[in-house]
Amino acid sequence: MTRKITFLMILAAMMSTVKAQWSLKPEIGIMLVNSENNYKWDNRFTTGLGAEYEWKAGNLDWGLQSGLYYTQRGFENYINRGYGAYGYNYNYNNNYGYYNINRGFIQLPVKLNLYIPICEDVRLVVGVGPYVGYSIHTSWGYGSYYYSTYPEGEYGNGNTTSYEDAWKNKPAIRKWDYGIGATVGLEIKRVILSASYDMSFGKEVKTQKGGLQYHNLTFTAGYRFKMGK
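Starting from 1, residues in each chain are numbered consecutively following that chain's sequence as written. Restriction of local features to residues with pLDDT of at least 70 applies here, the model being predicted, together with a cutoff of 80 or more for giving and counting side-chain atom pairs; totals for whole chains, interfaces and linings are based on all residues. Side-chain metrics in this entry use all non-hydrogen atoms of the structure; hydrogen atoms and water are not considered.

**Digging into the overall build of the protein**
Next, step 1: The helix and strand inventory of the protein stands at two helices and 11 strands.
Next, step 2: In these tables, accessible area is a Shrake-Rupley quantity obtained with a 1.4 Å probe, and a residue counts as shielded only by the protein chains included in the view. Taken as a whole, the protein presents about 14100 Å² of accessible surface, with 63% of it coming from carbon and sulfur. Helix and strand labels come from DSSP, where a helix needs a run of H or I of at least four residues and a strand needs a run of E of at least two; each type is numbered from the N terminus.

**As for the layout of surface pockets**
Next, step 1: Only protein atoms enter the calculation, which uses a 1 Å grid: trapped sets of points that fit a 1.4 Å probe without letting it out are cavities, open sets showing protein on both sides within 12 Å along at least five of seven lines are pockets, and any residue with an atom within 4 Å of a point is a lining residue. Grid points are joined across faces, edges and corners, and a volume is the space filled by probe spheres set on the points. The volume enclosed by the largest pocket comes to roughly 340 Å³.
Next, step 2: Each residue gets one label: Ala, Val, Leu, Ile, Met, Phe, Trp, Tyr, Cys and Pro are nonpolar, Asp, Glu, Lys and Arg are charged, and the others, such as Gly, are polar. Considered class by class, the residues forming the lining of the largest pocket number four nonpolar, one polar and 11 charged.

**What to know about the pairing of strand β8 (residues 176-188)**
Next, step 1: Here β8 shows a clear split, with Asp 177, Gly 179, Gly 181, Thr 183, Gly 185 and Glu 187 buried on one side and none of Trp 176, Tyr 178, Ile 180, Ala 182, Val 184, Leu 186 and Ile 188 buried on the other.
Next, step 2: Sheet analysis places β8 next to strand β9 (residues 191-200), joined by 10 bridges and oriented antiparallel. Residue pairing in the sheet places Gly 185 in a bridge with Ser 194 of β9.
Next, step 3: We treat two strands as partners when DSSP finds at least two bridges between them. Joining the antiparallel neighbours β8 and β9 is a turn of two residues, in which Lys 189 adopts a positive phi near 60°. With a 1.4 Å probe rolled over the protein chains alone, any residue whose accessible area is under 20% of its type maximum counts as buried; one over 50% counts as exposed, and the rest are partly exposed.

**Some points on the packing of aromatic side chains**
Next, step 1: Only Phe, Tyr and Trp rings take part, Trp by its six-membered ring, and two of them pair if their centres are within 6.5 Å. Stacked means planes under 30 degrees apart, edge-to-face means over 60, and tilted covers everything else. All chains considered together, the criterion is met by five aromatic pairs.
Next, step 2: Note on Trp 22 and Tyr 53: the rings are 5.1 Å apart at their centroids and 55° apart in plane angle, and the pair reads as tilted. Of the two residues, Trp 22 sits in strand β1 (residues 19-35) while Tyr 53 sits in strand β2 (residues 42-57), which places them 31 residues apart along the sequence.
Next, step 3: With 6.3 Å between their ring centres and 25° between their planes, Tyr 178 and Phe 201 make a pair best called stacked. A residue pair is termed long-range when its members are at least 10 positions apart, and Tyr 178 in strand β8 and Phe 201 in the loop between β9 and β10 (214-223) qualify at 23 residues.
Next, step 4: Taken together, the aromatic side chains of Trp 22, Tyr 53 and Trp 55 make up a single cluster linked through ring pairs.
Next, step 5: Both a distance and an angle decide whether a charge sits over a ring: NZ of Lys or CZ of Arg must be within 6 Å of the ring centre and within 35 degrees of the ring normal. For the cation-ring pair, Arg 73 lies above Phe 105, with the distance from its terminal atom to the ring centre recorded as 5.8 Å.

**A look at the nonpolar core**
Next, step 1: Residues belong to a common nonpolar core when they are buried Ala, Val, Leu, Ile, Met, Phe, Trp, Tyr or Cys residues joined through side-chain atoms within 4.5 Å. Listed in full, the five residues of the largest apolar core are Met 31, Val 33, Phe 75, Ile 101 and Tyr 214.
Next, step 2: In this structure Met 31 touches Asp 42, Asn 43, Arg 44, Phe 45, Thr 46, Thr 71, Gln 72, Arg 73, Asn 216, Leu 217 and Thr 218, once residues within four positions along its chain are discounted. The criterion used for residue contact is that any of the two residues' heavy atoms lie within 4.5 Å.

**Describing the confidence of the model for the protein**
Next, step 1: Confidence scores here are pLDDT values: one per residue, from the predictor, ranging 0 to 100. Of the residues in the protein, 66% have a pLDDT of 70 or more, and the chain-wide mean is 77.
Next, step 2: Overall, residues 81-95 carries pLDDT values under 50, and its contacts beyond four positions in sequence, including any with other chains, amount to 34 contacts.
Next, step 3: Contacts of residues 145-168 to residues separated by more than four positions or lying in other chains number 50 contacts, the stretch itself having pLDDT below 50.

**Some remarks on the pattern of salt bridges**
Next, step 1: Here a salt bridge means any side-chain nitrogen of Lys or Arg lying within 4 Å of a carboxyl oxygen belonging to Asp or Glu. In total, this model carries nine salt bridges according to the counting rule given.
Next, step 2: Residues Lys 25 and Glu 52 are paired through a salt bridge, measuring 3.4 Å at the closest nitrogen-oxygen approach. Taken together, the residues Lys 25 in strand β1 and Glu 52 in strand β2 connect sequence positions 27 residues apart. Taken individually, Lys 25 and Glu 52 each receive the classification buried, so the pair is uniform in this respect.

Structure below.
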């Protein structure tokens, strides 16, 4: 009996040191997206509403955050294929083209945050966790330009067309995405400025190799609305 009472007293003392609070955190920002199939970084847009359960354990502040966010993926790639060589007395045919893809996702992250006080009203936040996303829209683009070089000069003709017309047998797009990310930022009073890096592993088409598909750098600004005491 004495042991049970002692255990309950220790548990109550531990619980009394934990102070918990809910918060809502709307955010908006820009993304820099780089596909594994393309070396160019493209800018995209993100916004969302996060909900966080924050508690204090000893001298450390922790938070478990989730929410719904709109994020974007995509890239633009250029192709330049040539046949033959300049300076010869036969036709030189060159095919120059581009294709792009733009996708929008509803993303659900789960992130564990650690808050480190720097000075009064300023905290450093470091977070890490996985996410899952579902595509709500996808748009494709395709264009090409053909030209030939003859001994007497150069001429050509160009055309642009939609992806649907250019590639009749386009691959089926997968809807789901998943990955993992890390965040670092500053919370100044209730204003939150943060930068995050995400790795996306969800394949866009079945024929893609597995593994890392996108690198995502995100810079956001947000505000914390505290719920209750």
